Protein chains: 2
Amino acid sequence: MDANFDKELFIEKFKNSCNRIQIKNFKKNEIVTTYIEKRNQICIVLSGEVDLIRYDSNGNKTIIGHFVVSDVFGEVFYPANTNNELFVIARKNSEVLFFTYDTLFNKCRRNCDFHKELTSNLTELFLDQIINLNLRIELLTKRTIREKILAYFDILSKRSIRRSFTLPFSYTDLADFLSIDRSAMMRELKLLIDEGFIKKHGSKITLTF
Amino acid sequence: MDANFDKELFIEKFKNSCNRIQIKNFKKNEIVTTYIEKRNQICIVLSGEVDLIRYDSNGNKTIIGHFVVSDVFGEVFYPANTNNELFVIARKNSEVLFFTYDTLFNKCRRNCDFHKELTSNLTELFLDQIINLNLRIELLTKRTIREKILAYFDILSKRSIRRSFTLPFSYTDLADFLSIDRSAMMRELKLLIDEGFIKKHGSKITLTF
DNA sequence: TTTTTTCTGTTGCATATGCAACAATTTTGT
DNA sequence: ACAAAATTGTTGCATATGCAACAGAAAAAA
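Residue indices follow the written sequence of each chain, beginning from 1 at its first position. Chains carry letters and ligands carry numbers; both start at the beginning, A for chains and 1 for ligands, and go up in the order they are written. Note on the predicted model: pLDDT of at least 70 is required for a residue's local features to be given, and 80 or more for side-chain atom pairs to be given and counted; whole-chain, interface and lining totals, by contrast, use all residues. Hydrogens are left out, water is left out, and the side-chain values use all remaining heavy atoms of the structure.

Novice: Can you explain the overall build of chain A? Please cite residues and give values.
Specialist: What chain A contains, in helices and strands, is 6 helices and 11 strands. Buried means the residue's accessible area, taken with a 1.4 Å probe over protein chains only, is under 20% of the maximum for its type, while exposed means over 50%, and partly exposed covers the values in between. Split into buried and exposed, the 209 residues of chain A put 53% on the buried side. Long-range pairs, those at least 24 residues apart, make up 72% of the contacts in chain A between residues at least 6 apart in sequence. Roughly 10000 Å² of accessible area belongs to chain A as shown, and the carbon and sulfur atoms make up 47% of that amount. Helix numbers and strand numbers start at the N terminus; a helix is a DSSP run of H or I with at least 4 residues, a strand a run of E with at least 2. By definition, residues are in contact when any of their heavy atoms lie within 4.5 Å. Where accessible areas are quoted, they stem from the Shrake-Rupley method and a 1.4 Å probe; at the residue level, only the protein chains shown are allowed to cover.

Rendered as structure tokens:
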């Protein structure tokens, strides 16, 4: 996703560091982690894709976040007293790096060069994450299903630099990601097709406006 | 808001730095900045409160973000090609610190102690901001008006450590913040009162469940 | 391969939410 | 202190959206 992110270099730096870090592999649909207790865990996607999921009391599934290579996630980014049980699931086979924020900042203040660079690296990763979250909020604050769909398609279109793109989700998951009802979304998609705004072949969408 | 944020110390560090920074004062309702061109601007609220606002083509106002002391905002946190015109307005008389991300990282790589500490500071500010954004996404992904209201009240309740708290918004703005219709929200609030979930005196809310 | 599960596409119906409009109240500005 | 502007509180009505259900297609598992 981020062309400037040198995964190998980043891992190498971590491995040579004084911090305890872990790299784990996950098969598709495996649970990567849960946000239950506050361990100040930070995770970085090294390969694959993972989703942050919430099920509410009505059984509604919501894809709170969708993370790809170089994205950061983890329960350190959530307040301690959250009422929700959130968990992260691998959408594809994925490789994830784990460490803790505490380890990074509190236990290792030796002013070593590594830390300086790591902190800087982390700042950039955090910045990227803030940008992603702001994009997500832009989507979610749209008032209608149509606006949400078009806003999301616009993002995907800009990312692919084309008017055509392939959805990273199934339509079922797309609805859970946009926090809307699936059948209502399908209905709106059909309207958008009928009105000539988009074309749709399987999970490939083309904007025609 | 953040008890660990030492505003005076932070400003002092900035002022003694090699970066060009600015501190400006704004009266209530004055425009603090707009997100139009990409200047990589980062802003920090030193006092007061500011709102990030979007008006859509239907005239709907949305309060995308609400920032208080120690919160960071700025168009560096938004992708370059956003379609929206966003602007930041002072909700109260406010003091805001301005600098640019580029200045910080590109032009001043002298490895001076200030930068190391500033970067670390910034990382913590970014982390706090990510937590805020995640809370906001939690709100916005709730499916019903009732759930949104109760989730937001729960946050305010936890912040005040009491079952009672005063809304930081007018009811008009609260609706714009939750991205829902004001009259529908008022209706739901009345239902919540009638069903004994909350009490309401002006802008003071008490949870009774 | 065959079987099982998940996903897609669609529709009728119920209802939560948005919209418009207005009076009463409160706040702001002069 | 007064006038103007904004907010609150409320309601009737329209409709966008959610819900339930199902058949066919596609994907995954056996």
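More follows now that the structure is in view.
Novice: Explain the protein's contact with DNA strand D to me, and be specific about the residues and the numbers.
Specialist: By convention in this text, a residue qualifies as near a molecule or strand provided that one of its non-hydrogen atoms is within 4 Å of it. Inspection of the region around DNA strand D gives 20 residues, with I145 and S183 of chain A together with Y171, T172 and K200 of chain B positioned closest. When atoms of DNA strand D within 4 Å of the protein are split into backbone and base, the sugar-phosphate part holds 51%. Sorting the residues of the surface near DNA strand D by element identifies α6 (182-194) of chain A together with α5 (171-178) and α6 (182-194) of chain B as the ones contributing at least two each. Ten residues, namely Ala, Val, Leu, Ile, Met, Phe, Trp, Tyr, Cys and Pro, are considered nonpolar, four, namely Asp, Glu, Lys and Arg, are considered charged, and the remaining ones, Gly among them, are considered polar. Residue composition of the surface near DNA strand D, grouped by class: 5 nonpolar, 5 polar and 10 charged.

Novice: Please provide a residue-by-residue account of the protein's contact with DNA strand C, values included.
Specialist: Taken together, 19 residues are adjacent to DNA strand C, and T172, M186 and K200 of chain A together with I145 and S183 of chain B come closest. The sugar-phosphate backbone supplies 51% of the atoms of DNA strand C found within 4 Å of the protein. Note that a phosphate oxygen of DNA strand C is positioned 2.9 Å from one of the backbone N or O atoms of T172 of chain A. One nitrogen or oxygen atom from the side chain of S183 of chain B is found 2.9 Å from a base nitrogen belonging to DNA strand C. Within the surface near DNA strand C, the residues separate by chemical class into 5 nonpolar, 5 polar and 9 charged. Pairs of N or O atoms within 3.5 Å make up the polar contacts considered here, provided that, within protein, one atom can donate a hydrogen while the other can accept it, and that residues adjacent in sequence are counted only when both atoms are side-chain atoms.

Novice: Lay out the side chain of S94 of chain B in plain terms, naming residues and giving numbers.
Specialist: Residues and elements named next belong to chain B. For S94, the position within the fold is in strand β8 (residues 94-100). A polar contact of 2.7 Å, which involves the side chain of S94, links it to the backbone oxygen of K92. Residues within four places of S94 in sequence aside, it is in contact with K24, N25, F26, S47, G48, E49 and V50.

Novice: I'd like a rundown of the interface of chain A and chain B, residues and numbers included.
Specialist: Counting from both sides, the interface comprises 44 residues of chain A and, opposite them, 45 residues of chain B. The buried area of a pairing is the accessible area, by a 1.4 Å probe, that goes missing from both parts when the two are put together, added over both. Interface of chain A and chain B: buried area, both sides summed, is about 4300 Å²; carbon and sulfur atoms make up 57% of it. Basic side-chain nitrogens of Lys or Arg form a salt bridge, by our definition, when they fall within 4 Å of a carboxyl oxygen of Asp or Glu. Across the contact surface, chain A and chain B share 2 salt bridges. A salt bridge links R54 of chain B to E138 of chain A; the shortest N-O distance between them is 3.3 Å. Every element with two or more residues in the side of chain A that touches chain B is listed here: β5 (61-67), α2 (101-105), α3 (113-140) and α4 (145-160) of chain A. By residue class, the composition of the side of chain A that touches chain B is 17 nonpolar, 14 polar and 13 charged.

Novice: Report on the relation of the copies chain A and chain B, specifying residues and quantitative values.
Specialist: Superposition of the copies was done by least squares, using only C-alpha atoms of residues whose pLDDT is at least 70 in both. Mapping chain A onto chain B calls for a screw motion: a turn of 180° about the axis and a shift of 0.0 Å along it, with 0.0 Å RMSD after fitting. Classification of the inter-copy transformation places it as that of a two-fold axis. Considering only C-alpha atoms, the part of chain A nearest the rotation axis is T123 of chain A, at 2.6 Å. When the interface residues of chain A are mapped onto chain B, 100% of them again lie at the interface, so the same face is used by both copies.

Novice: Give me the lowdown on the packing of aromatic side chains, citing residues and values where you can.
Specialist: To describe a pair of aromatic rings, one takes the distance between the centres and the angle between the planes. Geometry of aromatic contacts follows a simple scheme: Phe, Tyr and Trp rings, the Trp one being its six-membered ring, pair when their centres are within 6.5 Å, and the pair is stacked under 30 degrees between planes, edge-to-face over 60, tilted otherwise. For the coordinates displayed, the defined rule picks out 20 aromatic pairs over all chains. A ring is considered to have a charge above it if a Lys NZ or an Arg CZ atom is located within 6 Å of its centre and within 35 degrees of its normal. The ring of F98 of chain A carries K24 of chain A above its face, with NZ or CZ at 5.0 Å from the centroid. Lying over the aromatic face of F209 of chain B, R163 of chain B brings its terminal NZ or CZ to 5.3 Å of the ring centre.

Novice: I'd like to hear about the nonpolar core, residue by residue, with values.
Specialist: Counting 69 residues, the largest nonpolar core has F73 and F126 of chain A together with F73 and F126 of chain B as its most contacted members. In contact with F73 of chain B, other than residues within four places in its own chain, are V32, T33, Y35, Q41, I42, C43, V45, V50, F67, V88 and V96 of chain B. For the purposes of this section, nonpolar cores are sets of buried Ala, Val, Leu, Ile, Met, Phe, Trp, Tyr and Cys residues that join through side-chain atoms within 4.5 Å.

Novice: Give me the lowdown on the pattern of salt bridges, citing residues and values where you can.
Specialist: Residues and elements named next belong to chain A. Inspection of the entire model under this criterion finds 16 salt bridges over all chains. With its nearest N and O atoms 3.0 Å apart, the salt bridge here joins D154 to K158. Placement of the pair is D154 and K158 together in helix α4, with a separation of 4 residues, close to one helical turn. The class for K158 is partly exposed, based on a relative accessible area of 36%. Salt bridges linked by common partners bring D51, K61, R91 and D173 together as one network.

Novice: So what about the sheet that holds strand β1 (residues 22-26) of chain B? Which residues, and what values?
Specialist: Overall, antiparallel pairing links the 4 strands, which are arranged β1-β8-β3-β6 (chain B) in an open sheet. In this open sheet, the two edge strands, each paired with only one partner strand, are β1 and β6 (72-73) of chain B. Note on pairing: DSSP must find at least two bridges between two strands before they are called paired.

Novice: Account for the pairing of strand β5 (residues 61-67) of chain B, with residues named and values stated.
Specialist: Residues and elements named next belong to chain B. Buried residues dominate β5, accounting for 6 of its 7 residues. In terms of strand pairing, strand β4 (residues 50-55) meets β5 through 6 bridges, oriented antiparallel. Note on β5: the bridge partner recorded for I53 is I63. Between β4 and β5, which pair antiparallel in sequence order, lie 5 residues; one of them, G59, sits at a positive phi of approximately 85°.

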